[in-house]
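Residue-level structure breakdown
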Amino acid sequence: MKAREVAGGGLAVEVSPDRLDGWFARFARRNSGVTSTEVRPTEVIVRGGNGTTAEVAVPFPPLSVSGVFEGLRVDALAEHLAVPRTVGLLLVRLGGHSLGLARAGSIVLSRTDRHLVHGRSAAGGWSQQRFARRREGQARQALRAAADDAYEVLVPRLSEMDGLVLGGDRRALDELREDRRLAPLFALAESRVLDIPEPRRTVLDDAAEWVLGVVIVVKGP
């Protein structure tokens, strides 16, 4: 549950479903209680007595309950997180990808691959240009392989998925979005993008558990 800074101010922390109630109980103790909880289909906002807020983007929306409630009310969110789900995962960084299908936090189907993509060259002139062209070619090949695997492994199982969670390099993911074959797959994608290291199979296993939790953004008064 390591906190990280987020754009626009605030700290974000990942919380698993089994720790949700405890996390908000501690939030209330640290922030002079909780005055209200605003529950929306796609977001939950808890307001502390000192003006601090805890904002949660609902994974796999919508929530079945909405409204503004007095005090702490995250029961609807907890029930939503407890629903068994089948989730597609697509993790991509330049030179590697790992993708699969997760049920109840465990990978049931996967494919992982790596492709050599050289780093940038410090040389100048024609040598640098040749190196850059070679690197671009390697990057295209790596992304093509990721797209082909996503098409072969995930697209045939669209009907089984409750959603798709992405992870890795946003630029690489944006290039994959341009592949028309993957349009139905990206239509299921959540807005969040997991911050992951090199996409290996072990990282995919970890991601299968992460996607069941929430990211809470805490902002001061």
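Criteria and thresholds
- Residues numbered from 1 in each chain as written.
- Predicted model: local features only at pLDDT ≥ 70, side-chain atom pairs only at ≥ 80, totals over all residues.
- Heavy atoms only, no water.
- Salt bridge = Lys/Arg side-chain N within 4 Å of Asp/Glu carboxyl O.
- Helix = DSSP H or I, 4+ residues; strand = E, 2+ residues; numbered from the N terminus.
- Buried < 20%, exposed > 50% of the residue type's maximum accessible area, 1.4 Å probe, protein only.
- Contact = heavy atoms within 4.5 Å.
- Polar contact = N/O pair within 3.5 Å; in protein donor to acceptor, adjacent residues only side chain to side chain.
- Pairing = 2+ DSSP bridges.
- Axes fitted to C-alpha atoms, helices over the stretch in contact; angles between N-to-C directions.

**Considering the pattern of salt bridges**
- Per the counting criterion, the structure on display carries 17 salt bridges.
- Among the ionic pairs, arginine 114 bridges to glutamate 198, the shortest N-O distance being 2.8 Å. One end of the pair, arginine 114, is in strand S9 (residues 106-114); the other, glutamate 198, is in the loop between strand S11 (189-194) and helix H6 (201-210), and 84 residues separate them in sequence.
- The exposure class of glutamate 198 is partly exposed, given its relative accessible area of 34%.
- Measuring nitrogen to oxygen at the nearest pair gives 3.0 Å for the salt bridge that ties arginine 192 to glutamate 190.
- What makes glutamate 190 buried here is its relative accessible area of 13%.
- Connected via shared salt-bridge partners are Glu38, Arg40, Glu43 and Arg47.

**Section: the environment of tyrosine 151**
- Considering the arrangement of structural elements, one finds tyrosine 151 in helix H3 (residues 125-153).
- C-alpha of tyrosine 151 to C-alpha of arginine 181: the two residues are 30 residues apart in sequence and 6.8 Å apart in space.
- Residue contacts for tyrosine 151: discarding those within four places in its chain leaves Pro156, Arg181 and Leu182.

**Remarks on the side chain of glutamate 38**
- Its location among the elements puts glutamate 38 in strand S3 (residues 34-39).
- A relative accessible area of 17% places glutamate 38 in the buried class.
- In terms of polar contacts, glutamate 38 uses its side chain to reach the side chain of arginine 40, at 2.9 Å.
- Setting aside anything within four residues of it in sequence, one finds glutamate 38 in contact with Glu43, Val44, Ile45, Arg47, Gly67 and Val68.

**Examining the sheet that holds strand S2 (residues 11-15)**
- Strand order in the open sheet formed by seven strands is S1-S2-S12-S5-S4-S3-S6, and the pairing between neighbours is antiparallel. One side of each edge strand has no neighbouring strand; the edge strands of this open sheet are strand S1 (4-5) and strand S6 (67-70).
- Strand direction decides the pairing type here: strand S4 (residues 43-48) and strand S5 (residues 53-57), joined by five bridges, are antiparallel. Its bridge partner being in S5, glutamate 43 is matched across the sheet by alanine 57.
- Contacts from helix H1 (residues 20-30) reach S2, S3, S4, S5 and strand S12 (214-219) within the one sheet, and its direction differs from that of S12 by about 5°.

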